[in-house]
Amino acid sequence: YKRLWGKPAFKSSYDMVIIGGGLHGLATAYFLARNHGMNDIAVIEKRYIGFGGSGRNTAIVRANQRTKENLPLYDEGLKLWPKLTAELDYNLMFFNCGNLNLAHSEAAMNALRLQVASAQFYGIESELLDEKQVKDVCPLLDISDRPKYPILGAMYHPPGGILRHDAVVWGLAKGASKRGVHIHQGTEVLGIGVENGKIASVETDKGTINTSRVLLAAGGYSARLSYEMLGIPLPINVLTIQAMVSEPLKPILNHVVSSGGYHVYANQTLKGEIATGAHMDPWPNYTTQTTAHYIKHQAESLSDWLPCLRGVRFMRIWGGLADMTPDMAPILDGNDPIEGFYMDCGWGYFGFKSCSAAGKYMAQFMATQTCPD
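Calculation rules
- Residues numbered from 1 in each chain as written.
- Predicted model: local features only at pLDDT ≥ 70, side-chain atom pairs only at ≥ 80, totals over all residues.
- Heavy atoms only, no water.
- Helix = DSSP H or I, 4+ residues; strand = E, 2+ residues; numbered from the N terminus.
- Rg over C-alpha atoms; globule rule 2.2 N^0.38 Å.
- Buried < 20%, exposed > 50% of the residue type's maximum accessible area, 1.4 Å probe, protein only.
- Contact = heavy atoms within 4.5 Å.
- Areas by Shrake-Rupley, 256 points an atom, 1.4 Å probe, with all protein chains shown as cover.
- Lys, Arg positive; Asp, Glu negative; His and termini not counted.
- Charge placed at Lys NZ, Arg CZ, Asp CG, Glu CD.
- Pairing = 2+ DSSP bridges.
- Salt bridge = Lys/Arg side-chain N within 4 Å of Asp/Glu carboxyl O.
- Axes fitted to C-alpha atoms, helices over the stretch in contact; angles between N-to-C directions.

Chemist: What's the story with the overall build of the chain in this structure? I'm lost.
Modeler: Within the chain, the secondary structure is distributed over eight helices and 19 strands. Rg of the C-alpha trace for the chain: 21 Å, near the compact-globule value of 21 Å for 373 residues, within the 12% margin. In terms of overall dimensions, the chain has a C-alpha envelope of 65 × 40 × 40 Å along the principal axes. Considering the chain as a whole, with its 373 residues, one finds that 54% of them fall into the buried category. Summarising the internal contacts of the chain: among those between residues at least 6 apart in sequence, 74% fall at separations of at least 24. Summed over its atoms, the accessible surface of the chain is roughly 16500 Å², and 52% of this surface lies on carbon and sulfur atoms. In the chain, which carries 34 positive and 34 negative side-chain charges, the distance between the mean positions of the two groups comes to 7 Å.

Chemist: How do you make sense of the pairing of strand β14 (residues 256–259) when you look at a structure like this?
Modeler: Consecutive side chains of a regular strand alternate in pointing toward one face of the sheet and then the other. In β14, alternate side chains face the same way, and those of V256 and S258 on one face and V257 and S259 on the other are all buried. Two elements, strand β4 (residues 99–103) and β14, share four bridges in a ladder whose sense is parallel. Paired with L102 across the strands is S259, a residue of β14. Judged from the three bridges that link them, β14 and strand β15 (residues 264–268) form a sheet pairing that is antiparallel. Pairing of S258 across the sheet is with Y265, part of β15. Following β14, the chain reverses through four residues before pairing antiparallel with β15; H263 in that reversal takes a positive phi of roughly 55°.

Chemist: Before we go on, may I ask you to explain the pattern of salt bridges in this structure?
Modeler: Proximity of charged atoms lets side chains of opposite charge pair with each other. Applying the stated criterion to the full structure yields 13 salt bridges. Note that E228 and R224 form a salt bridge whose closest N and O atoms lie 3.4 Å from each other. Here R224 and E228 lie together in helix α6 (residues 222–230), a separation of four residues that amounts to about one turn. On the basis of relative accessibility, which here comes to 32%, the residue R224 falls in the partly exposed class. A salt bridge links R316 to E273, with the shortest nitrogen-to-oxygen separation between them at 3.4 Å. Highlighted residues: R316 in strand β17 (residues 314–324) and E273 in the loop between β15 and β16 (274–278), separated in sequence by 43 residues. A relative accessible area of 43% means that R316 is categorised as partly exposed. Residues joined by salt bridges that share partners form a network here, namely D142, R146 and D304.

Chemist: Help me understand the side chain of E45 in this model?
Modeler: Secondary-structure assignment places E45 in the loop between β2 (41–44) and β3 (60–61). Despite its burial, E45 remains without a salt bridge, the nearest opposite charge being carried by R47 at 6.4 Å.

Chemist: What is the right way to look at the sheet that holds strand β5 (residues 127–130) in this model?
Modeler: Pairing between the strands of a sheet comes from backbone hydrogen bonds, and it takes one of two forms, parallel or antiparallel. Here we have eight strands laid out as an open sheet, ordered β5-β6-β4-β14-β15-β16-β13-β17, and mixed in their pairing. Only two strands of the sheet have a single partner each, and these edge strands are β5 and β17. On average, each strand axis in the sheet is tilted by 20° relative to the strand beside it, whichever way the strands run. Relative to strand β6 (residues 153–157), β5 runs antiparallel, the two being bridged by four bridges. Bridging across to β6, D130 finds its partner in G153. Running over the sheet, helix α3 (residues 106–121) touches β4, β5 and β6 and is turned about 150° from β5.

The following block contains the structure:
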């Protein structure tokens, strides 16, 4: 029996300290070691790696947003998953099943036309389907006028899919540890020391670490840590997203299917479970509590346009924290206002699909001190 990542001795000095043992922190550590030969790195995690949003999501990956920044980044992220599976020698359970985004109005169809055109402009496979084509792609959908919001069409994005979230956490931890990165679980950061406008140290409950560079990648906890430890306020509200999985079923749902009109999405995992998610709770909080309202919403919405799911039992429900910015764009920054201080946070509900590509470029930023395009 050999652990995927070691239990290293705690050192009093590292070149870099990464706060947060989630996907973005681990991916940055891995690419710092792999691409830039920098491995004198400590990943500090208060609980266990993958505890936060990394382990509390529905693990959907796609490149179907509209902006010129998002599309190339997420497209590269999609292409990285098969490569990482081979590099890490670990099955990340990438299932390239494709994404189907439903439209229930002419306005929604027009919005999808813009998204499809934007994706195609960047060479990303995406197409607009009418309701009959939607039925061909996903025969179980009810395209009649019976549902509360009838299906008029959809955006079909074949490169998208799902992964196994804990497998990605463990695979990246394995790869980073193999290259010399120290992962310290059960270690709480108590403060960040600054001298003459530069990062000088990180205080933990295991002792002080002398370092000149710190990456804050603590997901939903980043805004609180930034303000309490450095006095830097971030425009982030922390909201809870809930998700559920059903009992295992025979294969019935071949794609990730989502509906903005119903605020719900679903996919069938490789274990046969129907995993579902919805929009965020509308009030800022730091809890991961679940609600009866969410269970009712999911059951009513999904069974309206996927009537075959009526009567299926849900087995588990959980909540995760989403660090939302006002413009839905993440905060990727460095050396401002403190030299040696970097931030990778504010991803909202796009944190999972972005982690591979964002980690690669944040590593480049920290290693070269030059901001990637």
